[in-house]
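# Topology and contacts: notes
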Amino acid sequence: MKIVDFRMNSFDAADSGRNTGVVDGNILGSKSSILNSFSLPLLFMHISCAGVFFVPGGWPAFGIFALMYVLHVFALTAGYHRYFSHKSFKTSRAFQFILALLGTTAAQRDPLWWASHHRLHHQNSDTEEDVHSPRHHGFWWAHIGWVMKRELAQTDMSRVKDFAKYPELVWLNKHPYAPAFILAWLLLGIGSLIHWLKPALGITGWQFVFYGFFLSTVAVYHVTFCINSVAHMVGKRRYDVEDESRNNWLLGLLAMGEGWHNNHHRYSVCTRQGFRWWEIDLSYLLLRVLQWFHIVWDIREPPKSILVEQRT
Ligand SMILES: [Zn+2]
Ligand SMILES: [Zn+2]
């Protein structure tokens, strides 16, 4: 049986059916208008990774890389994706801002921009109007090309009215790179302070900057981008949804649960994306811990009818 209601119960603000194509037609009108305000920072971040060859490596470098990677992937998957895009759990305004701020330090712009485009992706998944469909626009466009398109630098506030009412989020939308810039300086300061206090540890400020900021941020870019490209091309399809979404175990691990993308496209309203015990979903598990501390609540699970559903 072909499933046609894969978007049911999705986010309430934007999920009103497939887009008419009027707005999206303009957005996708020409791929030639590449190079928006995100293009140069993106290029700069990639080139700056070369700095790791000029600073000390070893365990301190791996430690700061891993810490920033996990923090940023969590902020993006639990915050930008499952909270701001899909409203799949609830939290306080204070923790909402913490998720937003931490996500913005990952230099993938702000939650309003991110959610407005992601909601559009679910409305138009793998149709001509999907801004990052590998089926229609090719792997590289789906992976990294679309984020550099000039018109896509804009945020369609009508798609995120539910969060655009918060001035602190609108401020982040207007200054999407400021928190990342501050984070880089903070890492430089903390690393330098540790070096000054305990030089025997082999930690330096620039080591923290190049491993904890540049290399980690670029790794998080590509893991995030792979959900739009690879997770719509490579992997297994448990559900017979209309789009090309796949369950990819490697991305499930690297993107802390987001790789179970076919599950997610089948039932995008739930917080949990790994539907079987062996489908490890680290962001969901961390959210369960936060729920235990009453920091988040109303985490939504997939219903039994979805769990037992089979492809035909
Ligand atoms: Zn998708
Ligand atoms: Zn989604």
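The residue numbers shown here count from 1 along each chain, following its written sequence. All chains are assigned letters beginning with A, and all ligands numbers beginning with 1, in the order in which they are written. Selection of residues for local features in this predicted model requires a pLDDT of at least 70, selection of side-chain atom pairs for listing and counting requires 80 or more, and totals for whole chains, interfaces and linings are taken over all residues.

### Considerations on the overall build of the protein chain
Test applied: Comment: elements are numbered from the N terminus, with helices defined as DSSP H or I runs of at least four residues and strands as E runs of at least two. Exposure in this text rests on C-beta crowding, where 20 or more other C-beta atoms within 10 Å of a residue's own make it buried, 12 or fewer make it exposed, and counts in between make it partly exposed. The C-beta atoms are placed from the backbone. Contacts here follow a simple rule: the backbone-placed C-beta atoms of the two residues must lie within 7 Å.
Within the protein chain, the regular secondary structure consists of 15 helices and two strands. Evaluated residue by residue, the protein chain yields a buried proportion of 46% over its 312 residues. Long-range pairs, those at least 24 residues apart, make up 70% of the contacts in the protein chain with a sequence separation of at least 6.

### Some details on the UniProt feature "transmembrane region" (unreviewed entry) in the protein chain
Put simply, the rule reads: UniProt positions are given in the numbering used here, feature names are shortened, and annotations may be inferred rather than shown by experiment.
As recorded in UniProt, the feature "transmembrane region" (unreviewed entry) lies at residues 34–55, 61–80, 177–197 and 209–231. Taken end to end, residues 61–80 is 100% helix and 0% strand, and its two terminal C-alpha atoms sit 27 Å from one another. Structurally, residues 209–231 comprises 87% helix and 0% strand, and the distance from its first C-alpha atom to its last is 30 Å.

### Details of unusual backbone geometry
The backbone of Met256 sits at a positive phi, close to 55°, despite the residue not being glycine. Turning to its location among the elements, Met256 is positioned in the loop between α12 (249–254) and α13 (261–266). Overall, Met256 belongs to the buried group, with 24 C-beta atoms counted inside 10 Å.

### Section: the environment of Trp59
Here Trp59 shows up in helix α3 (residues 58–85). Residue Trp59 is classed as exposed on the basis of its C-beta count, with 10 C-beta atoms lying within 10 Å. Spatially, the C-alpha atoms of Trp59 and Leu201 are 9.8 Å apart, while their sequence positions differ by 142 residues.

### What to know about the packing of helix α10 (residues 178–197) against helix α11 (residues 205–228)
So the rule is basically this: Note on method: axes are straight lines fitted to C-alpha atoms, helices fitted across the in-contact stretch only, with angles between N-to-C directions ranging 0 to 180 degrees. With respect to orientation, any angle under 35 degrees is reported as roughly parallel, any angle over 145 as roughly antiparallel, any angle of 65 to 115 as roughly perpendicular, and every other angle as oblique. In this scheme the handedness of a crossing depends on how the near helix is turned from the far one: anticlockwise by less than a right angle means left-handed, clockwise means right-handed. The nonpolar class holds Ala, Val, Leu, Ile, Met, Phe, Trp, Tyr, Cys and Pro. Asp, Glu, Lys and Arg form the charged class, and all remaining residues, Gly among them, are polar.
At a closest axis distance of 6 Å, the pairing of α10 and α11 adopts a crossing angle of 140°. As summarised for this structure, α10 and α11 are arranged oblique, according to the angle between their axes. Seen along the crossing, α10 lies across α11 with a hand that is right-handed. Every residue of α11 that contacts α10 at Leu183, Ala184, Leu187, Leu188, Gly189, Ile190, Gly191, Ser192 and His195 is listed here: Gly205, Trp206, Gln207, Phe208, Val209, Gly212 and Phe213. Its residues assigned to classes, the contact of α10 with α11 comprises nine nonpolar, seven polar and no charged.

### As for the packing of helix α2 (residues 39–48) against α11
Viewed as axis vectors pointing N to C, α2 and α11 meet at an angle of 120°, and their least axial separation amounts to 8 Å. As for how α2 packs across α11, the hand of that crossing is left-handed. Taken together, the residues of α11 that come into contact with α2 (itself represented by Met45, His46 and Ser48) are Phe214, Thr217 and Val218. A per-class count over the contact of α2 with α11 returns three nonpolar, three polar and no charged.

### Overview of α3
The line we're drawing: Working rule for helices: expected span equals 1.5 Å times residues minus one.
For α3, built from 28 residues, the straight-helix expectation of 40 Å at 1.5 Å per residue is met to within 8% by its first-to-last C-alpha distance of 37 Å. Within α3, 20 of the 28 residues are buried, which leaves it mostly tucked inside the rest of the structure. Residue Lys87 follows α3 closely and has a positive phi angle near 50°.

### So, α11
Spelled out, the test is: We define the bend at each residue as the angle formed by axes fitted to the 7 residues ending at it and the 7 residues starting at it.
Helix length check: α11 (24 residues) gives 34 Å between terminal C-alpha atoms against 34 Å at 1.5 Å per residue, within 8%. A maximum bend of about 30° is found in α11 at Ser216. Within α11, 18 of the 24 residues are buried, which leaves it mostly tucked inside the rest of the structure.

### Some remarks on the nonpolar core
The line we're drawing: We define the nonpolar core as any set of buried residues of the types Ala, Val, Leu, Ile, Met, Phe, Trp, Tyr and Cys, connected via C-beta atoms lying within 7 Å of each other.
Phe65, Val73, Ala75, Ala115, Val209, Tyr211 and Phe213 are the most contacted members of the largest nonpolar core, which has 49 residues in total. Top contributing element to this core by residue count: α3, with 13 residues. Excluding anything up to four places from it in sequence, Phe65 contacts Tyr211, Gly212, Leu215 and Ser216.

### A short note on the confidence of the model for the protein chain
Counted only if it meets this: pLDDT gives the predictor's per-residue confidence on a scale running from 0 to 100.
Here the protein chain shows a mean pLDDT of 89. Residues at 70 or above account for 88%. Across residues 1–27, where pLDDT falls below 50, the model places 47 contacts with residues more than four positions away in sequence or in other chains.

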